[in-house]
Amino acid sequence: VEQTYIMVKPDGVQRGLVGEIISRFERKGFKLTGLKLFQCPKELAEEHYKDLKTKSFYPTLIDYITSGPVVCMVWEGVGVVASARKLIGSTNPLQAEPGTIRGDLAVQTGRNVVHGSDSPENGKRETALWFKEGELYEWTPAQAPWLME
Ligand code: GTP
Ligand code: MG
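This one's a predicted model, so the numbers in the text were calculated from it and none came from an experiment.

Calculation notes
Residues numbered from 1 in each chain as written. Chains lettered and ligands numbered in written order. Predicted model: local features only at pLDDT ≥ 70, side-chain atom pairs only at ≥ 80, totals over all residues. Heavy atoms only, no water. UniProt positions renumbered as here; feature names shortened; annotations may be inferred. Helix = DSSP H or I, 4+ residues; strand = E, 2+ residues; numbered from the N terminus. Buried < 20%, exposed > 50% of the residue type's maximum accessible area, 1.4 Å probe, protein only. Polar contact = N/O pair within 3.5 Å; in protein donor to acceptor, adjacent residues only side chain to side chain. Core = buried A, V, L, I, M, F, W, Y, C linked by side-chain atoms within 4.5 Å. Contact = heavy atoms within 4.5 Å. Near = heavy atom within 4 Å. Areas by Shrake-Rupley, 256 points an atom, 1.4 Å probe, with all protein chains shown as cover. Salt bridge = Lys/Arg side-chain N within 4 Å of Asp/Glu carboxyl O.

Q: It is not clear to me how the UniProt feature "active site" (unreviewed entry) in the protein should be interpreted in this structure. Could you clarify?
A: The positions UniProt marks with the feature "active site" (unreviewed entry) are H115. As for its placement among the helices and strands, H115 is situated in strand β4 (residues 114–116). You can call H115 buried: its relative accessible area is 8%.

Put into structure tokens, the structure is as follows:
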């Protein structure tokens, strides 16, 4: 089954938005299989964002992500990667639709409160990057038969 790596960035933690953000994925009906508060080392931030290495904003992006604790999560479900991206909204919060996390809770691209994997492959890659095997849990939510026919 598909999995996505979702992370409340340091601004989301500092602004007290952790519960709000987790709630949106929970209420949608996805399954949480990993969760931790974590201070990201520089090397991990660089590996996570290696595709953006040549961008002008890359150094400030690394500073931003390592500036304080983040909340790391893995969510599972059918179509979870694309659906999570929709729940999160556009990269630039001013362009993100109201009703999305960024549309409702942020104003600037460099402070856009949350990360979500952009493909199922990256969902797997990022999950393996941020979590050890023993930190992930397979379980069956009690609501499962009421969520999927
Ligand atoms: P993530 O879910 O965090 O990966 O965001 P995204 O997939 O919507 O955007 P992308 O992967 O292209 O960029 C990763 C992150 O880099 C963004 O979420 C922003 O935090 C940051 N970023 C992207 N573009 C800019 C920019 O033009 N300026 C600044 N300051 N930050 C940027
Ligand atoms: Mg991205």
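Q: How should the environment of E20 be read in this particular structure?
A: Position of E20 relative to the elements: it lies in helix α2 (residues 18–28). On the basis of relative accessibility, which here comes to 33%, the residue E20 falls in the partly exposed class. Placed 36 residues apart in sequence, E20 and S56 show a C-alpha to C-alpha distance of 31 Å. One polar contact links E20 to R24, side chain to side chain, over a distance of 2.8 Å.

Q: Quick question: what am I supposed to make of the nonpolar core here?
A: For soluble globular proteins, nonpolar side chains are generally found buried alongside one another. Membership of the largest hydrophobic core comes to 19 residues, with the highest contact counts inside it found for I6, I21, F25, W75 and I101. Elements that contribute at least two residues to this core include exactly β1 (3–8), α2, β3 (70–76), α5 (80–88) and α6 (101–105). With four residues, α5 is the single largest residue contributor to this core. The contacts of I6, once residues within four sequence positions are left out, are F25, V71, C72, M73, W75, A84, I88, V114, H115 and G116. Core analysis: the next-biggest nonpolar cluster, separate from the first, contains 16 residues, M7, Y64, I65 and V70 among them.

Q: Explanation requested: the site of ligand 1 in the structure shown.
A: Lining the immediate surroundings of ligand 1 are 14 residues, of which K9, R85, T91, N112 and G116 lie closest. At a separation of 2.5 Å, an oxygen atom of ligand 1 approaches a polar side-chain atom of T91. Calculation on ligand 1 without its partners gives an accessible area of 590 Å², and the protein chains cover 74% of this total. For the shell around ligand 1, the secondary-structure elements that each account for two or more residues are α4 (58–65) and β4.

Q: What should I look at first to understand the pattern of salt bridges in this one?
A: For side chains of opposite charge, pairing can occur when their charged atoms come near one another. Counted by the stated rule, this structure contains seven salt bridges. Across the salt bridge formed by D104 and R24, the nearest N and O atoms sit 3.1 Å from each other. You can see D104 sitting in helix α6 and its partner R24 sitting in helix α2, a full 80 residues away along the chain. Among the salt bridges present, the one from K50 reaches E47, with a minimum N-O distance of 3.3 Å. Classification of K50 as partly exposed rests on a relative accessible area of 40%. The class of E47 is partly exposed, set by a relative accessible area of 32%.

Q: Please explain the UniProt feature "binding site: ATP" (unreviewed entry) in the protein as it appears in this structure.
A: Those residues carrying the UniProt feature "binding site: ATP" (unreviewed entry) are K9, F57, R85, T91, R102 and N112 in this numbering. With respect to the secondary-structure elements, T91 resides in the loop between α5 and α6. Apart from the residues within four sequence positions on either side, T91 is in contact with R102, T109 and N112. Along the polypeptide, N112 turns up in the loop between α6 and β4. Excluding its chain neighbours within four sequence positions, the residues that come into contact with N112 are K9, D11, Y64, T91, P93, R102 and A106.

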